[in-house]
Protein chains: 2
Amino acid sequence: MKRNPTKSTGSPVPPGHTRYTSCGIAAAADSAGPPVPPGPTGSKVTRIWKILVGPPLRADQVTSEELSPVEGLPALSLDALTSVAYGPQAIALVLAGAGAVALKFALPITIAIVVLLALLVSSYRQVIEGFPQGGGAYAVSRAHLGAGFSRLAAASLIVDYTLTVAVSIAAGVAGLVSAFQPLAPYTVLLCLAMLAIITLLNLRGLGDSARAFLLPTAAFIVGLLAVIVVGIIHPIAPHVYQPGKSLVATHALQVIGVLLILKAFSSGCSALTGVEAIANGVPLFEQPRVRRAKQTELLLGVILAVMLLGLGVLIAHFHVAPRMHDTVLSQVMAISVGRTWAYYTVTISITIVLGMAANTSFGGLPILASLLARDNYLPHLFSMRGDRLVYTKGVWVLAVLSGLILVVVSGNTDTLIPLFAIGVFTGFTLAQAGMVIHWRSNHAPGWRWRAMLNAVGATVTGLATLVFVFSKFVAGAWIVVIAIPAIMLLFQHVHRYYAAVGKELDIFGSTNVPVPHCDLLVLVPITGITQLSRATISQAMTFGGEVVAVHVAFPDAGSEEEEMRKRWERWNPGVPLVMLQTRYHSVVRPITRYVLQAIHDGKDVVVLIGEMEPRLLRHRLLHNQMGTVLSMSLRRHTDATVAILPMHVND
Amino acid sequence: MKRNPTKSTGSPVPPGHTRYTSCGIAAAADSAGPPVPPGPTGSKVTRIWKILVGPPLRADQVTSEELSPVEGLPALSLDALTSVAYGPQAIALVLAGAGAVALKFALPITIAIVVLLALLVSSYRQVIEGFPQGGGAYAVSRAHLGAGFSRLAAASLIVDYTLTVAVSIAAGVAGLVSAFQPLAPYTVLLCLAMLAIITLLNLRGLGDSARAFLLPTAAFIVGLLAVIVVGIIHPIAPHVYQPGKSLVATHALQVIGVLLILKAFSSGCSALTGVEAIANGVPLFEQPRVRRAKQTELLLGVILAVMLLGLGVLIAHFHVAPRMHDTVLSQVMAISVGRTWAYYTVTISITIVLGMAANTSFGGLPILASLLARDNYLPHLFSMRGDRLVYTKGVWVLAVLSGLILVVVSGNTDTLIPLFAIGVFTGFTLAQAGMVIHWRSNHAPGWRWRAMLNAVGATVTGLATLVFVFSKFVAGAWIVVIAIPAIMLLFQHVHRYYAAVGKELDIFGSTNVPVPHCDLLVLVPITGITQLSRATISQAMTFGGEVVAVHVAFPDAGSEEEEMRKRWERWNPGVPLVMLQTRYHSVVRPITRYVLQAIHDGKDVVVLIGEMEPRLLRHRLLHNQMGTVLSMSLRRHTDATVAILPMHVND
């Protein structure tokens, strides 16, 4: 967990020095030089943003992490641990649809889920051994199942990361609203605010996260375990007043049957999301890595099992039922320890830890996206690091997607649960299946029972995935069933495009640069006779071609056109003015058309646009941005070079 | 209400013809010519957008409207009429905070509001007479109260228009949710969808609106009056089951006192918003305009008064109290006519009409913004018409602002009510006060009693505004109290900026264009040796200056740099390659620095960037957009001309 600012490994070039070699190749370094580099400029917004995000980091300032098992929990297991905030709730909510009687099935279902948890933890301890370099579902299936399945794994992971962010934040805010009921109308706003904070921290690049996460994680684990113990031994407020309308159906809307139980089980399996994260992050542990990671996985499994079972027992014991604006977890805590400082402390720690769980996805998705971009499956933008060495685009995309989801479901966790576990369990299944092949080709000691264990894991999680899809299809699972193949199609589409463009850009055979024939026409669009037009025409003359000024006259401008002619004649800057007439309300159309005509006539056209460049960025909004709009159209529809001459104004 | 496609009034220039006059001035028209104009291109997104928004309109295709009094209602009075959907609800909600007993004050408060309505309608009938050219608060106060007050009126109107959109849409969705309870979790989504539809229609330019609005408006008025009549004579379902949790306080949280009554009155006055719209739109009426407009105003007043009183009586009679996810209006209708087809028809017509009321603001704000832009109070962008002759920027700003508000309040009308009436009543007060001065300076027949009537109106609405601010300050009115002066400051700031820039751009004294000394350096940033670099270097050579290629080497790129050198030597395109080294992860920084150095050395620098231009717009995302990012930095920090050469790829 330490920053490791070693020295640059690049060749030692003296600062500011430029050397030209015999073949015309020169080198220059950027560390110093007479003109000041573009630091924080006048714009307040830019400066505030710089303060929030932090100054640029040097490329060698990459963080190296060395996790102990105890640090491994906050760094890699928060997604799994915090699922106690929504898993039990999800079970209760499904059962409540069939009336109060159905709620008694909550405990048996929880036990089944804990059994599945034990199986998953054992399987993933094996993945850690088999893939000590970090065995995410993508890595395992790429190694053993081929490109198709690895793309399936990647698509599932993308869905999973995005939903984890949305679900964790929504659950965190739901906990907060349960404790502070007057916040209820601002649920969506709180969700978006939490998302904004997490996004900002990630744009900064969160090197020291795990250490900072230790305290809230400890508070959450210890606090919740204490609440469970108190609740089992002697609840303090068994008859506490519970606000919020009960969500238990009074006229039973559903029959208690196998489908209902399967639905409740599917929803409850959302509590198992995240148990794979440790296996993905093995390289982050201190030596001996594999042992440390396996210890952490076991620790996670035990704590999660105890919490789930404890909450299951208390929910049954207290007859807790889902309510509006009061989560099941909040009700259990309120009965156990009363709405005292203990309740509020644990609630706030849970909200913080859920926020940190969302943060885990922000660690995962941008890196996955950068790997996919390098494999030409996603736009190359995703593989570009920003100033803070973070894969900025991935962070932004994740923030926008999860923000949209939060708005669409109005910050309601329950709406997301049916979508949630499918992606994760697809990943589980692929990872386990890949491991079976791994052991069979590897023949490590005990490979038979190891392969068997992973085979059982793959079968059970595969079946569970099918159960989720079928039992939850109408409730929202169909979205995932569409989204995952859609993402896979996107991968293919991008891959094909890059292949095609790569072929077009390649320089085959003839390598010389043709010296062009120079029938250059420089067009200068002007809107009036100002210092800007003067500077632009002056610059246009340096290009050494024919210079023509163009002005577009709108039909409703009336005498303005005539006046413009007269003023131009008086000014007489030495270049001709072409008046373009249009019947539409657009400057872009007639100029584009004029350029097309000139190119058609065999000219090499450069359009030089003078553009005001105010000192404060926000003042740009006060200019018409004709240059930007015009250059977009010209780039799209013509082969003309579009040049912009900035004129800096002292505003 | 007819489109009036008259012929262009511009000078008759033959299509495609270009004529050069003696002094070097030429004219060209855009109606035809050999190269095809940039029509709908390959991009599917662009084409779908074009279909949604419609083809460009010629500048002469402006709609002319001629409203009869009956058409005037749907065109100008929907905001006022639909406020019955939230006004009574707002009163009941405030009173419910003090328990069931307080609800009996709802009817007296409604009567007080109807008295105020009568006063307002009489006053505005006078405004119509005094300002037959359209007497909005902005126009009246600009004419009679000076620039400061007119800016206050404009700022109030902006707040008012934005809130009208948000409140109308939220109320429309609340009605829908009341009728179809399972939609409740999707409130925000429904609000945003409704907003999106209205925005789209307005980007299209809604010429034929009033006629299309006639039927839903009639359905709404007739339906609601019928519901009231049935309810008063013989309610069909007096004991209907009402879903949704009651919002009446069981332990009274507030004391029934003057403040509570004032609060309820303030909230109820939200029902009076929109009565000024007819006075703003007098020029839209058919001749005799003033009489028609006055008739419409009276008609509006009578219908609104009957509806408010009728609902007030029924609410008292049925003991209706506010509930979750079931509006007061919905409850009244459900008791009157049962949850039958009649209930659903009226509910849907109310939602549609509320949507159309939101649409009214979309007609108003963009035009107001364009007027303010022409007076240099808002960015000039707002005065530019789009392809459909609509003030596009104003439409977008209104859509984004009201969308944000809807998200922030989670689509809840009740949260917005405390903010709502302040802006409107500020406008009322200013308009009436201006009218007093108008009559006094005008001395029209009966000017004394006319001035007296407006003075009473100004006093009462002014007092009401103060009551709103004080009684609702904590509940949200403070936001408006901050927002209106903030907008006024914005006006001033923009005005000052334009004055300063205007001075800088002005060409005084010397008018000749200096012929520049030509020490031109053309820099070509390249990332690899491809057909793109070849084309760009080739184009750079046409400019007739020194051409230098630059490449940025990242510290972690390792051998890539060495390889680039070798390939360049092999290729040998005839221009030198400068290797820029950087310790950060940014191409922009070292190039900007190099350009600054060159300018410092007295060069006239042009940076020519080759940029891939895929046929499909969405494929742009697959390229790194280095050109865009680089040109942004160069424009900001240097005086270099930035030119982009598009290379079209066949993807």
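Definitions and cut-offs
- Residues numbered from 1 in each chain as written.
- Chains lettered and ligands numbered in written order.
- Predicted model: local features only at pLDDT ≥ 70, side-chain atom pairs only at ≥ 80, totals over all residues.
- Heavy atoms only, no water.
- Helix = DSSP H or I, 4+ residues; strand = E, 2+ residues; numbered from the N terminus.
- Buried < 20%, exposed > 50% of the residue type's maximum accessible area, 1.4 Å probe, protein only.
- Contact = heavy atoms within 4.5 Å.
- Areas by Shrake-Rupley, 256 points an atom, 1.4 Å probe, with all protein chains shown as cover.
- Expected span 1.5 Å × (residues − 1).
- Polar contact = N/O pair within 3.5 Å; in protein donor to acceptor, adjacent residues only side chain to side chain.
- Domains from an automatic or database assignment.
- Axes fitted to C-alpha atoms, helices over the stretch in contact; angles between N-to-C directions.
- Parallel < 35°, antiparallel > 145°, perpendicular 65-115°, else oblique.
- Left-handed = near helix turned anticlockwise from the far one by under 90°.
- Nonpolar A, V, L, I, M, F, W, Y, C, P; charged D, E, K, R; others polar.
- Core = buried A, V, L, I, M, F, W, Y, C linked by side-chain atoms within 4.5 Å.
- Pairing = 2+ DSSP bridges.
- Right-handed = clockwise from strand over helix to strand, strands pointing away.
- Patch = residues over 30% accessible without salt bridge, like charges linked within 9 Å, V, L, I, M, F, W, Y side chains within 5 Å.
- Salt bridge = Lys/Arg side-chain N within 4 Å of Asp/Glu carboxyl O.
- Phe/Tyr/Trp six-rings, centres within 6.5 Å; stacked < 30°, edge-to-face > 60°.
- Disulfide = S-S within 2.5 Å.

## Observations concerning the overall build of chain A
Then, in step 1: Within chain A one finds 22 helices and nine strands.
Then, in step 2: The buried share of chain A, reckoned over its 651 residues, is 57%.
Then, in step 3: Expressed as a percentage of contacts within chain A between residues at least 6 apart in sequence, the contacts between residues at least 24 apart total 80%.
Then, in step 4: Carbon and sulfur atoms make up 67% of the accessible area of chain A, which totals about 26,200 Å².

## A few points about helix α18 (residues 531-542) of chain B
Residue and element names in this part refer to chain B.
Then, in step 1: The end-to-end C-alpha separation of α18 is 17 Å, in line with the 16 Å expected for 12 residues at 1.5 Å each.
Then, in step 2: Most of α18 sits out of view: nine of its 12 residues are buried.
Then, in step 3: Among all positions of α18, only L532, S533, R534, T536, I537, S538, Q539, A540 and T542 are buried.
Then, in step 4: Between the side-chain oxygen of the N-cap and the backbone nitrogen of L532 there are 3.2 Å, and the N-cap of α18 in question is T530.
Then, in step 5: Looking one or two residues past α18, G544 carries a phi angle of roughly 75°, positive in sign.

## Some remarks on the side chain of B:S349
Residues and elements named next belong to chain B.
Then, in step 1: Mapped onto the elements, S349 comes out in helix α14 (residues 341-374).
Then, in step 2: Overall, the relative accessible area of 6% leaves S349 in the buried class.
Then, in step 3: If near-sequence neighbours (up to four positions away) are discounted, S349 is found in contact with P216, A219 and F220.

## What to know about the domain arrangement of chain A
Then, in step 1: For chain A, the assigned domains are domain 1 (74-500) and domain 2 (520-649).
Then, in step 2: Between the C-alpha centres of domain 1 of chain A and domain 2 of chain A there is a distance of 56 Å.

## Focus on the packing of α14(B) against helix α15 (residues 392-408) of chain B
Residue and element names in this part refer to chain B.
Then, in step 1: Two numbers describe how α14 lies on α15: the axes approach to 8 Å, and their chain directions differ by 125°. One way to sum up the angle between α14 and α15 is to call them oblique. The chirality of how α14 crosses α15 is right-handed. On the side of α14, the interface is formed by S361, F362, L365 and P366, while α15 contributes G394, V395, L398 and A399.
Then, in step 2: Each residue belonging to the contact of α14 with α15 can be placed in one class, and the counts come to six nonpolar, two polar and no charged.

## Here's the deal with the side chain of B:E297
Then, in step 1: With respect to the helices and strands, B:E297 occurs in helix α12 (residues 289-318).
Then, in step 2: Once residues lying within four places of it in the same chain are set aside, the contact partners of B:E297 are B:V121, B:Y124, B:R125, B:I128, B:V275, B:I278 and B:A279.

## What about the nonpolar core?
Residue and element names in this part refer to chain A.
Then, in step 1: Counting residues in each nonpolar core, the largest one holds 144 residues, and the members touching the most others are L95, I169, F220, L224, L372, F425 and F491.
Then, in step 2: Broken down by element, the residue count for this core peaks at 17 residues, all from helix α7 (residues 147-179).
Then, in step 3: Beyond its immediate stretch of four places on either side in the chain, L224 contacts V84, A219, M307, L329, M333 and V346.

## Side note on the packing of helix α21 (residues 588-600) of chain A against helix α22 (residues 626-637) of chain A
All names here are of chain A.
Then, in step 1: In the contact formed by α21 and α22, the axes pass within 10 Å of each other and the chain directions differ by 40°. Relative to α22, α21 is oriented oblique. Handedness of the α21/α22 crossing: right-handed. Contacts between α21 and α22 involve V588, I591, T592, V595 and L596 from the first element and V629, L630, S633, L634 and H637 from the second.

## Examining the environment of A:S156
All names here are of chain A.
Then, in step 1: Take S156: it is sitting in helix α7.
Then, in step 2: The spacing of S156 and R125 is 31 residues in sequence and 21 Å in space, taken between C-alpha atoms.
Then, in step 3: In contact with S156, not counting residues within four places along its chain, are G423, T426 and I484.

## Quick notes on the pairing of strand β8 (residues 604-614) of chain A
Within a regular strand, side chains alternate between the sheet's two faces.
Residues and elements named next belong to chain A.
Then, in step 1: Counted residue by residue, β8 has 11 buried out of 11 residues, so it is predominantly covered.
Then, in step 2: The alternating pattern of β8 places D604, V606, L608, G610, M612 and P614 on one face and V605, V607, I609, E611 and E613 on the opposite face, and all of these are buried.
Then, in step 3: Here four bridges tie strand β5 (residues 520-525) to β8, and the two strands are oriented parallel to one another. Looking at β8, one finds that L521 is bridged to V605.
Then, in step 4: Chirality of the crossover, the property in question, places the unit of β8, α22 and strand β9 (residues 641-649) among those that are right-handed.

## Describing a nonpolar patch on the surface
Then, in step 1: Nonpolar side chains collect at one region of the surface, where A:F473, A:V474, A:W478, A:I479, A:V481 and A:I482 lie side by side and expose about 560 Å² of accessible area between them.
Then, in step 2: Within the secondary structure, A:I482 is located in helix α18 (residues 473-505).

## Some points on the packing of aromatic side chains
Residues and elements named next belong to chain A.
Then, in step 1: Enumeration according to the criterion identifies 19 aromatic pairs over all chains in this entry.
Then, in step 2: Both rings, one in Y86 and one in F420, keep their centres 5.9 Å apart while their planes meet at 65°; by these two values the pair is edge-to-face. On the criterion of sequence distance, the pair formed by Y86 in the loop between α3 (78-82) and α4 (87-96) and F420 in helix α16 (residues 413-442) is long-range, its members being 334 residues apart.
Then, in step 3: Residue F420 is classed as buried on the basis of its relative accessible area, which comes to 0%.

## So, the pattern of salt bridges
Then, in step 1: Going through the model one piece at a time under the given rule, you end up with 18 salt bridges over all chains.
Then, in step 2: Here B:R636 ties to A:E613 by a salt bridge, and the two come within 3.3 Å at their closest N and O atoms. Here the residue B:R636 occupies a position in helix α21 (residues 626-637), and A:E613 occupies one in strand β8, the pair thus bridging two chains. This pair shows no difference in class: B:R636 is buried, exactly as A:E613 is.

## Some words on the state of the cysteines
A covalent bond between the sulfur atoms of two cysteines is referred to as a disulfide.
Then, in step 1: Inspection of the entire model under this criterion finds zero disulfides over all chains.
Then, in step 2: Here B:C191 stays free of any disulfide, with the sulfur of A:C191 as its closest cysteine sulfur at 17 Å.

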